[in-house]
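Tertiary structure, described
Each chain, letter by letter, is given below.
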Amino acid sequence: MKKYKLHKENSGQQISDEEMMKYKDFSRLKHQYDTVTKRPKKPLYKNPYMFFVLVLIILLALLLAGEL
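Keep in mind that what you see is a predicted model, and the values were worked out from it rather than measured.

The helix and strand tally for the chain stands at three helices and zero strands. For the chain, whose C-alpha radius of gyration is 22 Å, the value lies well above the compact-globule estimate of 11 Å for 68 residues. For the chain, buried positions account for 0% of its 68 residues. If you sum the accessible surface of the chain, you get close to 7400 Å²; carbon and sulfur atoms cover 63% of it. Taking the average location of the 13 positive side-chain charges in the chain and that of its 7 negative ones, the two points are 11 Å from each other.

Let's shift gears to the pattern of salt bridges. A full pass over the atoms with the stated rule returns two salt bridges. Across the salt bridge formed by Lys 30 and Asp 34, the nearest N and O atoms sit 3.0 Å from each other. Taken as a pair, Lys 30 and Asp 34 lie in helix α2 (residues 26-37) at a separation of four residues, close to a single helical turn. A salt bridge links Asp 34 to Lys 38; the nearest nitrogen and oxygen atoms lie 3.9 Å apart. Its relative accessible area of 52% is what places Lys 38 among the exposed residues. Connected via shared salt-bridge partners are Lys 30, Asp 34 and Lys 38.

Okay, helix α3 (residues 48-65) next. Relative to the 26 Å expected for 18 residues at 1.5 Å per residue, α3 spans 26 Å between its end C-alpha atoms, a close match to the ideal helical length. Just beyond α3, the residue with positive phi is Gly 66, at close to 85°.

Let's shift gears to a nonpolar patch on the surface. A contiguous nonpolar surface patch, about 560 Å² in accessible area, is contributed by Tyr 45, Phe 51, Val 55, Ile 58, Leu 59 and Leu 62. Structurally, Ile 58 is set in helix α3.

A few words on the confidence of the model for the chain. Residues at a pLDDT of 70 or more form 91% of the chain, whose mean pLDDT is 82. Taken element by element, the predicted model of the chain shows its lowest mean pLDDT in helix α1 (residues 17-24) (81) and its highest in α3 (92).

Rules used throughout
- Residues numbered from 1 in each chain as written.
- Predicted model: local features only at pLDDT ≥ 70, side-chain atom pairs only at ≥ 80, totals over all residues.
- Heavy atoms only, no water.
- Helix = DSSP H or I, 4+ residues; strand = E, 2+ residues; numbered from the N terminus.
- Rg over C-alpha atoms; globule rule 2.2 N^0.38 Å.
- Buried < 20%, exposed > 50% of the residue type's maximum accessible area, 1.4 Å probe, protein only.
- Areas by Shrake-Rupley, 256 points an atom, 1.4 Å probe, with all protein chains shown as cover.
- Lys, Arg positive; Asp, Glu negative; His and termini not counted.
- Charge placed at Lys NZ, Arg CZ, Asp CG, Glu CD.
- Salt bridge = Lys/Arg side-chain N within 4 Å of Asp/Glu carboxyl O.
- Expected span 1.5 Å × (residues − 1).
- Patch = residues over 30% accessible without salt bridge, like charges linked within 9 Å, V, L, I, M, F, W, Y side chains within 5 Å.
- pLDDT = per-residue confidence, 0-100.

Now the structure itself:
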């Protein structure tokens, strides 16, 4: 059973030149795709900024739990 529908009434629509130019830069589009889908090369705990954010979240959680 198919779970999708084809919208044939919109098949005659043309995209604008601005939209076409937005997707013409394939390297930028691929970079955006890679940043969304692929994991970062460096683990979170080795990235100084993300390590600080993780420690801050843990301290905040302990503070709210009443452990500190």
